[in-house]
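Observations on the three-dimensional arrangement
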Amino acid sequence: MAQYLKRSQYGGNQRTFTVSVWVKNNNWYDFPRIFSIGDGSGNYMSEMCILNNTEAPGQSIRYLEYAGGTSQVKYVTDPIFIDGSQWFNITLAVDTTLSTSFDRVKIWVDGERITDFRTSGSGAKVEYSLNRQTFVNGSQYDYWIGRSPGYGHTWNGGMHDYYHIDGQALDPSYFCKTNHNGKYVPKSPQGAISAVGSFGANGFYLPLQEDQDATGQLVNQFNSDTVTLNGNTVVGGRNKYAQ
């Protein structure tokens, strides 16, 4: 997906959310962004990307939050080995209201929860404080898929079955399953949407199918949000899954 998407947000739950998406990318060198949510300057944002690990072979998934241009929250996984030619699922669940700080950010890859994060150096983990508000689901911040507004770092791979859930911290079983051949695959959109129930004020589902017109997909999924594709407005208004 050599494209990026930008949409506005409405006032929602800034403490609890889920993002689940299938991705494929052979280039980790430019810290490609899966999503970035902030004020557009790069100084205030929450974002997730994948990068080559600088301390050991393999890749790391990084979720962090900048405030005032410095990292206030940081989760960088220990190295995992990603085959960039294959599709895989990443699910991120954040709930800063949880009393156990370790559980406030959960990351799964193909259904397996990652529990090992960097503890030293520039990537050392900094956890969310209790009840901290993120930039996610905040009406004053924009939501970017496939790009960082302050730094670029455009996602130059593939994405599909992108879910954003406002107000629930969900595990991958809501979005994915193991089929009868033992392969980890996406659930049907109808099954996932039914399982999720409420998407919240900012929740949405985007198929992002590469063989379909991107503008058409956005028009179908967003009835009324202000949405831009590669900087060009394609539809205005509120999304169809908002509740």
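Structural notes, computed from the coordinates. Just so you know, these numbers come straight off a predicted model, no measurement behind them.

1. Considering the side chain of Arg33
Structurally, the position occupied by Arg33 is in strand β3 (residues 33-38). Only 2.8 Å separates the side chain of Arg33 from the side chain of Glu47, close enough to count as a polar contact.

2. Here we look at the pairing of strand β10 (residues 142-145)
Pairing between strand β1 (residues 5-8) and β10: four bridges, direction antiparallel. By the bridge assignment for β10, Ser8 is matched with Asp142. Bridge count between β3 and β10: four bridges; the pairing is antiparallel. Within the sheet, the bridge partner assigned to Phe35 lies in β10 and is Ile145.

3. Looking at unusual backbone geometry
At Asp110, a position not held by glycine, the phi torsion is positive, near 50 degrees. One non-glycine residue, Asp161, lies in the positive phi region at around 50 degrees. Turning to its location among the elements, Asp161 is positioned in strand β11 (residues 158-166).

4. Considering the pairing of strand β8 (residues 105-109)
Among the five residues in β8, four count as buried, and that is most of the element. Looking at chain direction, β8 and strand β9 (residues 112-114) are connected through three bridges and run antiparallel. Bridged to Trp108 within β9 is Arg113. Taken together, β8 and the strand that follows it, β9, pair antiparallel across an intervening segment of two residues, in which Asp110 is found at a positive phi of about 50 degrees.

Rules used in this analysis
Residues numbered from 1 in each chain as written. Predicted model: local features only at pLDDT ≥ 70, side-chain atom pairs only at ≥ 80, totals over all residues. Heavy atoms only, no water. Helix = DSSP H or I, 4+ residues; strand = E, 2+ residues; numbered from the N terminus. Polar contact = N/O pair within 3.5 Å; in protein donor to acceptor, adjacent residues only side chain to side chain. Pairing = 2+ DSSP bridges. Buried < 20%, exposed > 50% of the residue type's maximum accessible area, 1.4 Å probe, protein only.

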